[in-house]
Amino acid sequence: MANARALTGDVLVIGAGPAGLASAHYLQRAGIAYTVVDRASEVASTWAGLYRSLRLNTASFVTYLPGQRMPTGTPIYPSGEQLYRYLVDYARRGNFHLCMDTEVTRVAPAEGGWRVESSAGERIFPCVICASGRFGHPIIPPVPGLGDFRGRVLHARDYHTPQPFAGQRVLVVGAGPSGVDIALELAGCAATPVALSVRHDMVVARRYPYGLPDTAWHLIARSVLPRAQRKPFLDRVLFQPFPDAAQSGVPMAPNRTDRRGTSTPVRGRAILDAFRSGIIQPVAGIARFEPDAAVTDAGERIAADVVIMATGYRPDFRYLEIRYETDTQGYPLRADSLDEGGSTEVLGHPGLYMVGRYYRGLGPLNNIRHEARTAVAEIQARLSALARVGER
C-alpha cells in the first residue's frame, strides 16, 4: 500500500474510506493515474474506533467493495470491527496510491480543472472525486441550556466502551441504531435506568423477517416486482410489528418513511425487552437543559451526569469553494436526481464527482460500488473529451 505524499495523476480522490477505496480500484483498473488523500493516518479511520457492539444493517453478501468479497465465515450482519479489518485488507491488497495525513483545505474551479490546496501542496487536477463520507460533521443540536449543563456532553462518535460511564446517570439522545446500541451497552454498567430520548417515534424491525435478512427481501422485490409495487410489499414484509411493541410507551412508526421521525430502523427486540425490564427508560424529546438535568417536551426532569448525542451526521464539504444547492442529506445536487443509477457529477460543475452518497436500498457498500464505477466512466469520458480538445 503506497503512502507517498505526492499529489500526482489526473484525478484526486478525497477520502480513504470505502468510497475512496472503491474509486481507486476502478481508476486503477481503467489505467487512469490518480491520488487518494485523507487527513487521517489510517484508511477507513471512521470505522477504526467505533463501539464494539455495532453491527451493520445490511447483509454481508452485498456488503463488499469491487473485486473482493467479505471473508468466508463473516456473519450475515458483520460487526463494525469486521468491516474495518476488511477495509484495511482491501487497501493492502489493492496497493493503491494513498497520501495519508494529508488534509485538503480548498477545491476551486480553475482553468483545466480544479485547483486543489492541501497540506501536501497545491496542484490542478482535471477531475476530483469527493469521497470524504457522510460522517465528517457530527450533529449536536443546539438545545436551549446545553451550554449550562455541568455534566459531560459527547457525540456518539466519541463513545467507545461503557466502562468509563460506570455508575453514572446517562441520557442518550436519539433512538436510531447507534443510540439504541449505546443505551443497551450502558445498561448494567451505568446507573439504572439509562434514559433514551425519543423525539417523535421509533421503527423496531425484525432482524430476520420470515426467516430472511432485510437485504434478501430487497433483492426479491427488485427481481420480481414492478417499482411501484416494491414499497408496499417491503413495508408489509419488513416492518411486522412485535405484538408487545405498543406497550413500550414509545410511539412506534409503521415503516421507515410514513412517519414523523427520520431515524434508521432498529433491528431486533432487545430494546423492547430493555424497556419492559426497566433497565432503559424511554423519555420524550429534550426541550432544554438545566445544570444537572434535561427537561423533556413532556415536562419530565431527567437528572444526568452524562449526555450522549446519537443525533447523526452531516457530510463535510467545507473545502469546496463553489456555489451549490444541497439535497436533504447535505450533499451537493448532482447532474440528475436519481438516487440509484444516476450521474455522480455535481450539477453545474464538470469534473467534480460525488461517491458514497446513497445509503439506502441495498446498503452503502453496494451503492458505493455502483457510484464509483459510474464516476470513473464519467471521468474517462471527460478526460477523452479534454484530450480531443487539446489535439485541435
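The structure this text deals with has already been given above.
Everything quoted here is computed from the prediction, not taken from an experiment. (Residues numbered from 1 in each chain as written. Predicted model: local features only at pLDDT ≥ 70, side-chain atom pairs only at ≥ 80, totals over all residues. Heavy atoms only, no water.)

Peer 1: Explain the nonpolar core here, please?
Peer 2: What tends to happen in soluble globular proteins is that the nonpolar side chains get buried as a cluster. Membership of the largest hydrophobic core comes to 72 residues, with the highest contact counts inside it found for Ile 129, Val 172, Leu 186, Met 202 and Ile 271. With seven residues, helix 7 (residues 364-391) is the single largest residue contributor to this core. Not counting residues within four places of it along the chain, the set of residues in contact with Ile 271 comprises Val 180, Leu 184, Leu 196, Met 202, Val 204, Val 266 and Ile 280. Counting residues in hydrophobic clusters, the runner-up holds 20 residues, among them Val 107, Phe 125, Phe 317 and Ile 322. (Core = buried A, V, L, I, M, F, W, Y, C linked by side-chain atoms within 4.5 Å. Buried < 20%, exposed > 50% of the residue type's maximum accessible area, 1.4 Å probe, protein only. Helix = DSSP H or I, 4+ residues; strand = E, 2+ residues; numbered from the N terminus. Contact = heavy atoms within 4.5 Å.)

Peer 1: Before we go on, may I ask you to explain the layout of surface pockets in this structure?
Peer 2: A probe matching the size of a water molecule, rolled over the atoms, marks out where space remains unfilled. Counted as a void, the second largest pocket has a volume near 740 Å³. Lining the second largest pocket are 35 residues, with Arg 39, Ser 45, Thr 46, Ser 132 and Gly 136 positioned closest to its centre. (1 Å grid on protein atoms, 1.4 Å probe; cavity = no way out; pocket = protein on both sides within 12 Å on 5 of 7 lines; lining within 4 Å. Points joined across faces, edges and corners; volume = space filled by probe spheres on them.)

Peer 1: Can you walk me through the sheet that holds strand 16 (residues 293-296) in this structure?
Peer 2: Within a sheet, adjacent strands bond to each other through the backbone by hydrogen bonds, running parallel or antiparallel. The strand order across the open sheet built from three strands is 15-16-17, with neighbouring strands paired in antiparallel fashion. Lying at the two open borders of the sheet, with one neighbouring strand each, are strand 15 (286-290) and strand 17 (301-303). Sheet twist, expressed as the mean angle between neighbouring strand axes with direction ignored, is 25°. Note: strand 15 against strand 16, four bridges, orientation antiparallel. Note that in strand 16 the partner of Ile 286 across the bridge is Thr 296. (Pairing = 2+ DSSP bridges. Axes fitted to C-alpha atoms, helices over the stretch in contact; angles between N-to-C directions.)

Peer 1: Would you mind going over the packing of helix 4 (residues 214-224) against helix 5 (residues 227-238) with me for this structure?
Peer 2: Two packed helices can be described by the angle between their axes and the distance between those axes. Taken N-terminus to C-terminus, the directions of helix 4 and helix 5 make an angle of 155°; their axes are 10 Å apart at the nearest point. Between helix 4 and helix 5, the angle falls in the class roughly antiparallel. Judged by the twist between their axes, the crossing of helix 4 over helix 5 is right-handed. From helix 4, Asp 214, Trp 217, His 218, Ala 221 and Arg 222 reach across to helix 5, where they touch Arg 230, Phe 233, Leu 234, Val 237 and Leu 238. A breakdown of the residues in the contact of helix 4 with helix 5 according to their chemical character gives six nonpolar, one polar and three charged. (Parallel < 35°, antiparallel > 145°, perpendicular 65-115°, else oblique. Left-handed = near helix turned anticlockwise from the far one by under 90°. Nonpolar A, V, L, I, M, F, W, Y, C, P; charged D, E, K, R; others polar.)

Peer 1: I would appreciate a short explanation of the packing of aromatic side chains in the present structure.
Peer 2: The way to describe two aromatic rings as a pair is by their centre distance and the angle between their planes. Scanning the entire structure with this criterion turns up 11 aromatic pairs. When the centroid spacing of 6.3 Å and the interplanar angle of 75° are considered together, the rings of Tyr 210 and Trp 217 count as edge-to-face. The class for Tyr 210 is exposed, based on a relative accessible area of 59%. Residue Trp 217 is classed as buried on the basis of its relative accessible area, which comes to 13%. In this structure an aromatic cluster arises from ring pairing among Tyr 51, Tyr 159 and Phe 165. Above the face of the Phe 242 ring, Arg 206 is positioned so that its terminal group lies 4.5 Å from the ring centre. One residue, Arg 369, lies across the ring of Tyr 64, its end atom 3.8 Å from the ring centre. (Phe/Tyr/Trp six-rings, centres within 6.5 Å; stacked < 30°, edge-to-face > 60°. Lys NZ or Arg CZ within 6 Å of the ring centre and 35° of its normal.)

Peer 1: Can you walk me through the environment of Ile 139 in this structure?
Peer 2: Structurally, Ile 139 is set in the loop between strand 8 (137-138) and strand 9 (152-155). Put simply, Ile 139 and Arg 314 are 175 residues apart on the chain and 6.8 Å apart in space, counted from C-alpha to C-alpha.

Peer 1: Got a minute to help me understand the environment of Ile 129 in this structure?
Peer 2: Following the sequence through the fold, Ile 129 ends up in strand 7 (residues 127-130). By relative accessible area, which is 0% here, Ile 129 ends up buried. Apart from the residues lying within four places of it in its own chain, the contact partners of Ile 129 are Val 11, Leu 12, Val 13, Ile 14, Ser 23, Leu 27, Tyr 353, Val 355, Ala 375 and Ile 379.

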